[in-house]
Amino acid sequence: MTKLAGKITVDWLCDQLCRDHYLSPEQATQARLRLSRTSSAEHPLTRLAALKLAAQEPAQPILDAEALSQWLAQHCQLPYRRIDPLQIDIPTITGLCSYAYAARSKILPLESNSHSATFAVCEPGVCDWEPELSRITGKEIRRVLANPADIDRYLIEFYALARSIKASDREQREPNSQLQNLEQLTDLGRTGNLEANDQHVVGIVDWLLQYAFDQRASDIHLEPRRETGNVRFRIDGVMHQVYQMPPKVVTAVTSRLKILGRMDLAEKRRPQDGRIKTRNPDGQEIELRLSSMPTAFGEKLVLRIFDPATLLQDYADLGLDDTQQQTWQRITTQAHGIVLVTGPTGSGKTTSLYSTLRRLARPEVNVCTIEDPIELIEPRFNQLQVNDALGLDFPSGIRTLLRQDPDIIMVGEIRDVQTAEIAIQAALTGHLVLSTLHTNDAPSAVTRLLELGVPAYLLRATLLGVLAQRLVRKLCTHCLTDCATDQDEWIALAGPKRPRPRHICAAPGCLECRATGFLGRLGLYELLEITPQFRSRIEPAVDTASLRQLAQQQGMRSMRESGIRKILAGLTHPREVLRITPGD
C-alpha cells in the first residue's frame, strides 16, 4: 500500500488499482485518456466509476462507485460506511460544524456522543481539518470513508433541512405569529400560492416527500406532541423514526401538505381526506392519499404513498404460487358472481384487486369501480368515488354503476348489509363483482356476511371464492445465508408432526437492508374456491371452524402453510410468518 498524502488524483487512483490487480495496465491507460477529456469538477473516484470498467478482480465484476469506495477504504485502512439517513440525527450532526467548513473540507458529520464525533471523508489523505475540529468540539475525531457522491448529496440535504427547520421555527416564534400565520395560510388555501417567507416550509415538504420515495416508504406520519413533533416512515410494514421537529414547524408542514391536498386549511376539529399527485426522483407519477385527525396536541397527518409499480403487479410478483394462480384465474374469469379479498388494513388487498382488474380489463369489457377514495387512477377503468356530502354512498353508487352497462364491478369495501345485498344483487343479474372485507381468514368471510344479515341462499347463489392475505417481509438477497432451524419456532409454526428442515435461510443484515435482514415484502395467501360441497354447507347457523375444516379437506392451504412454503423456498423467516399470520 502506498501512503496517500494530499488529494486523490486520477493517476494515483489508476496506479493503485493496477497494483491491487483491479485494472489491467491497458485499462488504466485508457481510463486516463478518457478522463482527461471530462470535467475535473467531480471527485476522481466518481468520474472513474462513471466509466463502469470491468474489474480484473473476479469477486467484483464492475467497478462502480460503491465498489471503488470499498476498495479505497480497505486500501487506506479506514472503516467503510454507507450513509443511511434514517440512522442519522440531523439536528445534532449539523451542529458540529458549519456547512461552509464541511463543504470546504469535503467531510460529512455522521455521529456525535460525549467523547467522539464521526465524520465521513472522501479524501483520506487530507487531515488538516482534524486537529481544528477536535479543538472546537472538544471531542476525539473518528474518520470513516464513504462514497463521494453520497457525501456531496447528503451534505447539501442535511444542512438545507436543518437550516429550513431553524428558520421556520424562528419565524413561528415571532410575536403574534400564530394569528398572522393562520390568517396568511387561510388566504393561501384560497389562492393556492405560498408567500416568499414560507419557502423554508416548502423546502422541508419537498425534502420529506423525496426522502420517503428514496427510502421506499409506504406511509409518512406527522405526529404532534407537547414538546416536539415526530416524523416517522413505515418501510416494509415497520415504523421508523425519521426526524423530530419543533411543534410549530410540524404544524406549518401539515398546513403546507393540506394546501397541496386541497383540504380545508381552517378546519382543524374534524378529520379530513385529501390527495396529492407528484413525481418520484425517477420521474414516475406517484399518488399520495392524505388523512388528518385532531389529537390532543394538534392535527396528526398520515400520507399513504401509492406507487403504480407496486399496485399493478403480476400474480407471481404478488406471491401467489402456480396452483393458486390457476385457481384465482379460474375464479376471476367467471361471467358472474362475487369474489372477495379479505385481510386487515395494510395487508395488500388493494394491490391484489387492482392487479386482477388490470388483467381482466380488456377492450371488449367494461370495468367500473366505486371506491372511497380512489386509490389509483387507472385509464382502463371507469372509477367512481364515494361522496357522502352529496349523498353518494356505496349502495347508491352501485345502483348508478348498474345503469352504466358494466361487465365487471369493483366495490371498494363491503361495510354494511345494504352494500353487501346490492353487490350480491349485481352478481345475480349477470355481473362479476369484486370487493374487500375485513376478516382474519377466508372461511370467516362467509360467517361475517351472514352476521351482517345477508341471507344464506344469496351467498350460495353468488359467492365464487375468497382470497385472504397478509404481507410478510422478504429476506434481503444481499446478505442471505443458511442457518440452523430453531426447534421451538418450527414447532410453533408447523406443529410437531412436520419434519424440521436442517437449515433455513436467514439474513444477518447488511447496508442494503439497514441491518434489518429484510428488503421488500410479498404476500401470503389463503385461497378458498367455493365448490358445490362447500356451497351446500352455507347455512344461517354454520360456524367458521367447520367451514375451515371442510375447506382444508378440499385442498385449501392456510396462510401458515403458504408461509412455510415461502420459508423453504428461502424467501422469508419463521419469525416473520409467526408474527404476521393467524394460527390455523
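Residues numbered from 1 in each chain as written. Predicted model: local features only at pLDDT ≥ 70, side-chain atom pairs only at ≥ 80, totals over all residues. Heavy atoms only, no water.

*Asks:* An account of the overall build of the chain is requested, with residue identities and associated values reported.
*Replies:* When helices and strands are counted, the chain shows 24 helices and 18 strands. When the backbone C-alpha atoms are referred to their principal axes, the chain occupies close to 85 × 65 × 50 Å. Taken over 584 residues, the chain has a buried fraction of 52%. In the chain, 64% of the contacts between residues at least 6 apart in sequence involve partners at least 24 apart. Only carbon and sulfur atoms are counted for the fraction: they give 48% of the accessible area of the chain, which is about 27,500 Å². (Helix = DSSP H or I, 4+ residues; strand = E, 2+ residues; numbered from the N terminus. Buried < 20%, exposed > 50% of the residue type's maximum accessible area, 1.4 Å probe, protein only. Contact = heavy atoms within 4.5 Å. Areas by Shrake-Rupley, 256 points an atom, 1.4 Å probe, with all protein chains shown as cover.)

*Asks:* Go over the pattern of salt bridges with me, naming the residues and quoting the values.
*Replies:* Under the definition given, this model contains 34 salt bridges. The partner of K106 in a salt bridge is D152, and the shortest N-O contact between them spans 3.9 Å. In this pair, K106 is assigned in the loop between α6 (99-105) and β1 (107-112) and D152 in helix α8 (residues 148-172), connecting sequence segments 46 residues apart. Between R565 and E561 there is a salt bridge; the shortest N-O distance is 3.4 Å. One end of the pair is R565 and the other is E561, both in helix α23 (residues 559-568) and four residues apart, which spans about a single turn. Several salt bridges converge on common partners, so that one network encompasses D11, D15 and R32. (Salt bridge = Lys/Arg side-chain N within 4 Å of Asp/Glu carboxyl O.)

*Asks:* So what's going on with the sheet that holds strand β18 (residues 518-529)? Residues and values would help.
*Replies:* Taken together, the seven strands give an open sheet; going across it, the order is β12-β11-β13-β14-β10-β15-β18, and neighbouring strands pair in mixed fashion. Bordering the open sheet on either side are β12 (382-385) and β18, each of which pairs with just one other strand. Each strand of the sheet is rotated relative to its neighbour by a mean of 20°, with strand direction disregarded. Relative to β18, strand β15 (residues 463-475) runs antiparallel, the two sharing ten bridges. Bridged to L475 within β18 is F518. On the sheet, helix α15 (residues 349-360) packs against β10 (337-342), β11 (367-371), β12, β13 (408-411), β14 (432-437), β15 and β18 and is oriented at approximately 170° with respect to β14. With respect to the sheet, helix α17 (residues 417-428) is in contact with β10, β13 and β14, its orientation differing from that of β10 by roughly 135°. (Pairing = 2+ DSSP bridges. Axes fitted to C-alpha atoms, helices over the stretch in contact; angles between N-to-C directions.)

*Asks:* Give me the lowdown on α23, citing residues and values where you can.
*Replies:* Residue pairs spaced three or four apart in an α-helix point in one direction, given the helix's 3.6 residues per turn. Most of α23 is tucked away, with eight of its ten residues classed as buried. Looking at α23, one finds that the buried residues are M559, R560, E561, S562, G563, I564, K566 and I567. If you follow the buried residues of α23, they end up packed against β15, α20 (487-494), β17 (503-506), β18 and α24 (574-580). G570 sits one or two positions beyond α23 and adopts a positive phi of about 80°.

*Asks:* Account for the packing of helix α16 (residues 394-402) against α17, with residues named and values stated.
*Replies:* In contact at an axis separation of 8 Å, α16 and α17 are set at 15° when each is read in the N-to-C sense. By the angle between their directions, the pair α16 and α17 is classed as roughly parallel. Viewed along their axes, α16 and α17 form a crossing whose handedness is left-handed. On the side of α16, the interface is formed by F394, P395, I398, R399 and L402, while α17 contributes Q418, T419, I422, A423 and A426. Of the residues in the contact of α16 with α17, the class split is seven nonpolar, two polar and one charged. (Parallel < 35°, antiparallel > 145°, perpendicular 65-115°, else oblique. Left-handed = near helix turned anticlockwise from the far one by under 90°. Nonpolar A, V, L, I, M, F, W, Y, C, P; charged D, E, K, R; others polar.)

*Asks:* Can you tell me about the packing of aromatic side chains, naming the residues and giving the values?
*Replies:* Applying the stated criterion across every chain yields a total of nine aromatic pairs. Their ring planes at 50° and their centres at 6.4 Å tell us that W12 and W71 sit as a pair that is tilted. With a gap of 59 residues between them, W12 in helix α1 (residues 10-19) and W71 in helix α4 (residues 65-75) connect regions that are remote in the sequence. The burial state of W12 is the same as that of W71; both residues are buried. Residues W207 and Y243 carry aromatic rings whose centres are separated by 6.3 Å and whose planes lie at 70° to one another, so their mutual orientation is edge-to-face. On the criterion of sequence distance, the pair formed by W207 in helix α10 (residues 199-214) and Y243 in strand β6 (residues 238-245) is long-range, its members being 36 residues apart. Comparing W207 with Y243 shows no difference in burial state: the two are buried. One aromatic cluster in this structure is built from W207, Y211, F233 and Y243. (Phe/Tyr/Trp six-rings, centres within 6.5 Å; stacked < 30°, edge-to-face > 60°.)

*Asks:* Just give me the short version of the nonpolar core, but keep the residues and values in it.
*Replies:* Of all hydrophobic cores here, the largest spans 87 residues; its most connected members are F233 and V253. The element that contributes the greatest number of residues to this core is α10, accounting for nine residues. Other than its neighbours up to four places away in sequence, F233 contacts L86, L208, Y211, A212, A217, D219, I220, V238, M239, H240 and V242. In terms of nonpolar packing, the next biggest core, distinct from the first, is built from 42 residues, L340, A442, L458 and F534 among them. (Core = buried A, V, L, I, M, F, W, Y, C linked by side-chain atoms within 4.5 Å.)

*Asks:* Report on unusual backbone geometry, specifying residues and quantitative values.
*Replies:* Within the chain, R216 stands out as a residue other than glycine whose phi angle is a positive 60°. Assignment of secondary structure puts R216 in the loop between α10 and β4 (219-224). We note that D236 has phi near 55°; this positive angle belongs to a residue other than glycine. Topologically, D236 is positioned in the loop between β5 (229-235) and β6.

*Asks:* Now, about the side chain of T436: what can you tell me, with residues and values included?
*Replies:* Take T436: it is sitting in strand β14. A polar contact is formed between the side chain of T436 and the backbone oxygen of G412, at a distance of 2.6 Å. Every residue in contact with T436, bar those within four places of it in the chain, is listed here: V341, K349, L353, V411, G412, E413 and I414. (Polar contact = N/O pair within 3.5 Å; in protein donor to acceptor, adjacent residues only side chain to side chain.)

*Asks:* Explain the confidence of the model for the chain residue by residue, including any values.
*Replies:* Confidence in the prediction for the chain averages 86 pLDDT; 93% of positions are at 70 or higher. Averaged over each element, pLDDT in the chain is lowest for helix α9 (residues 177-191) (36) and highest for β10 (96). With pLDDT under 50 throughout, residues 175-197 is counted as low confidence; its partners more than four residues away or in other chains account for 23 contacts. (pLDDT = per-residue confidence, 0-100.)

*Asks:* I'd like to hear about the environment of P574, residue by residue, with values.
*Replies:* Locating P574 in the fold gives a position in helix α24. A C-alpha to C-alpha distance of 39 Å links P574 and V367, two positions 207 residues apart in sequence. Contact partners of P574, with chain neighbours within four places excluded, come to E489, L493, I504 and I567.

*Asks:* If you had to explain the sheet that holds β1 to someone new, which residues and values would you point to?
*Replies:* Sheet architecture is open: three strands sit in the order β1-β2-β3, paired in mixed fashion. Each having just a single partner strand, β1 and β3 (140-145) make up the two edges of the open sheet. Neighbouring strand axes in the sheet, compared pairwise and without regard to direction, differ in orientation by 30° on average. Helix α7 (residues 129-137) rests against β1, β2 (116-121) and β3 of the sheet, and its axis sits at about 135° to β3.

*Asks:* Talk me through the pairing of strand β7 (residues 272-279); I want residue IDs and the actual numbers.
*Replies:* A regular strand carries its side chains on alternate faces of the sheet. In terms of strand pairing, β7 meets strand β8 (residues 285-295) through eight bridges, oriented antiparallel. Of the residues in β8, the one forming a bridge with R275 is R289. Adjacent in sequence and paired antiparallel, β7 and β8 are bridged by five residues, among which G283 carries a positive phi angle near 90°.

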